[in-house]
Amino acid sequence: MLDAIKTKFDASFSGEEIASIYSIFKCLASYPTSNPNADAFSQELPMRYLQSLKLLTHPTLHPDLKTKLQPLVDRYLFDINLLSEIPNHAQVPVAFNDCIRKLHLRHVETSSLFSSLYFQNHSLLTQTFYKQFYGVNISSRFLMEEHLSLVDQGKNLVTLIDPIQLSIDVCTDLRNDYIKKGIDVPEIHILNVCEGKNETLYVQHYLKFILSNLLNHSMATGLKTQKALQPIILEVVTGEEDTSFHISDEFGGLSLSNQSQSFWKLKDQSQENLFQSKLLSNYFGGDIEMISMEGFGNDSYLHLYKNGSLEHFPQDANDGESDWFIKLLKDL
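Residues numbered from 1 in each chain as written. Predicted model: local features only at pLDDT ≥ 70, side-chain atom pairs only at ≥ 80, totals over all residues. Heavy atoms only, no water.

Draft legend 1. Main features of a nonpolar patch on the surface. On the surface, Leu-191, Val-193 and Val-237 cluster together to form a nonpolar patch covering roughly 210 Å² of accessible area. Along the chain, the position of Leu-191 falls in strand β2 (residues 188-192). For Leu-191, a relative accessible area of 39% corresponds to the partly exposed category. (Patch = residues over 30% accessible without salt bridge, like charges linked within 9 Å, V, L, I, M, F, W, Y side chains within 5 Å. Areas by Shrake-Rupley, 256 points an atom, 1.4 Å probe, with all protein chains shown as cover. Salt bridge = Lys/Arg side-chain N within 4 Å of Asp/Glu carboxyl O. Helix = DSSP H or I, 4+ residues; strand = E, 2+ residues; numbered from the N terminus. Buried < 20%, exposed > 50% of the residue type's maximum accessible area, 1.4 Å probe, protein only.)

Draft legend 2. Quick peek at the environment of Ile-100. In this structure, Ile-100 sits in helix α6 (residues 93-120). Judged by relative accessible area, which is 0%, Ile-100 ranks as buried. Remark: the alpha-carbon pair of Ile-100 and His-147, spanning 47 residues in sequence, is separated by 8.4 Å.

Draft legend 3. Focus on the environment of Leu-166. Considering the arrangement of structural elements, one finds Leu-166 in helix α8 (residues 163-180). Taking relative accessible area as the criterion, Leu-166 reaches 3% and is therefore assigned buried. Sequence-wise, Leu-166 and Lys-208 are 42 residues apart; in three dimensions their C-alpha atoms are separated by 7.2 Å. When residues no more than four places from it in sequence are discounted, the contact partners of Leu-166 are Ile-161, Gln-204, Leu-207, Lys-208 and Leu-211. (Contact = heavy atoms within 4.5 Å.)

Draft legend 4. Layout of the pairing of strand β4 (residues 232-238). A one-sided burial pattern is seen for β4, the buried positions being Ile-232, Leu-234, Val-236 and Thr-238 and the unburied ones Ile-233, Glu-235 and Val-237. Relative to β4, β2 runs parallel, the two being bridged by 5 bridges. Pairing of His-189 across the sheet is with Ile-233, part of β4. Relative to strand β5 (residues 242-248), β4 runs antiparallel, the two being bridged by 6 bridges. Across the sheet, residue Val-237 finds its bridge partner in β5, namely Ser-244. Counting the residues in the hairpin turn of β4 and β5 gives 3 residues. (Pairing = 2+ DSSP bridges.)

Draft legend 5. Seen up close, α8. The terminal C-alpha atoms of α8, which comprises 18 residues, lie 26 Å apart, in line with the 26 Å expected from a rise of 1.5 Å per residue. Those residues of α8 that fall on the buried side of the exposure criterion are Pro-163, Ile-164, Leu-166, Ser-167, Val-170, Cys-171, Leu-174 and Tyr-178. In an axial view of α8, the angular spread of the buried residues amounts to 160°, which keeps them on one side of the axis. Summarising the contacts, the buried residues of α8 are in contact with β1 (158-161), β2, β3 (200-203), α9 (204-225), β4 and β5. (Expected span 1.5 Å × (residues − 1). Arc of directions from axis to C-beta.)

Below, the structure written as structure tokens:
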């Protein structure tokens, strides 16, 4: 079995590293715990880390890009070893949770490093690679944050949210940030299109991140066109299956060529945040659409599922090179 693994991995890792990864994952795949939630970290989290590692070392990547991505590979190898030292949850729950906190902190740092490397090597990275890696990254982060939310607050990360109140909070925070910088920004008029109780199932800080970036996109456009004092309209609609947000402005809009680049030609942090918002919404089963009329304005639509299973692990990240290994580990 180890020889088979070496055959698949020898293009990326040394024999010693392969043996180490194999022994770590074999240990984790059969690691006993008395807590069902803790089992996710003994089985599921290592699988997700392995997917990230496989993407970073995929044979189709440009050799120069592989060299540039080596710091990320090193971090994942370190984290995999950290996973191998995770204590038994039943015996030492505090140490177990501390280990997850450390992994989560390192994961945030790794995500920032990936963003930095992306901007430095944009010409070598494809949109498909970015989507796959970011999707797997979200899945690992979500798993850790869900566990820590249960430990620290005694509740699930996914909760029922009032989209109107969340919209008010996001708009207030965003406008205050601009005002603190001495920048005049437009008012945001929030319209509740539906009658009755408005609730949707989601991760609150993820939804705030997405909505804030969409609103910030409209504000930034208004500042560039010197039409920033016209109000932005934010409509919130709750249907039987979906909750939708419609953001509209009259700040001049984008040309058709610029529209096609708005989610991918990431020239600065705000554009990357916009692209990450789209990937984040996709990961949880929703979507973002942007329609623009050059000379008039922009319309942005955020669609979310109200209920049901949220998490949608990126299937295309599970290419043939990875499937065999994951199935192998699950059979150990």
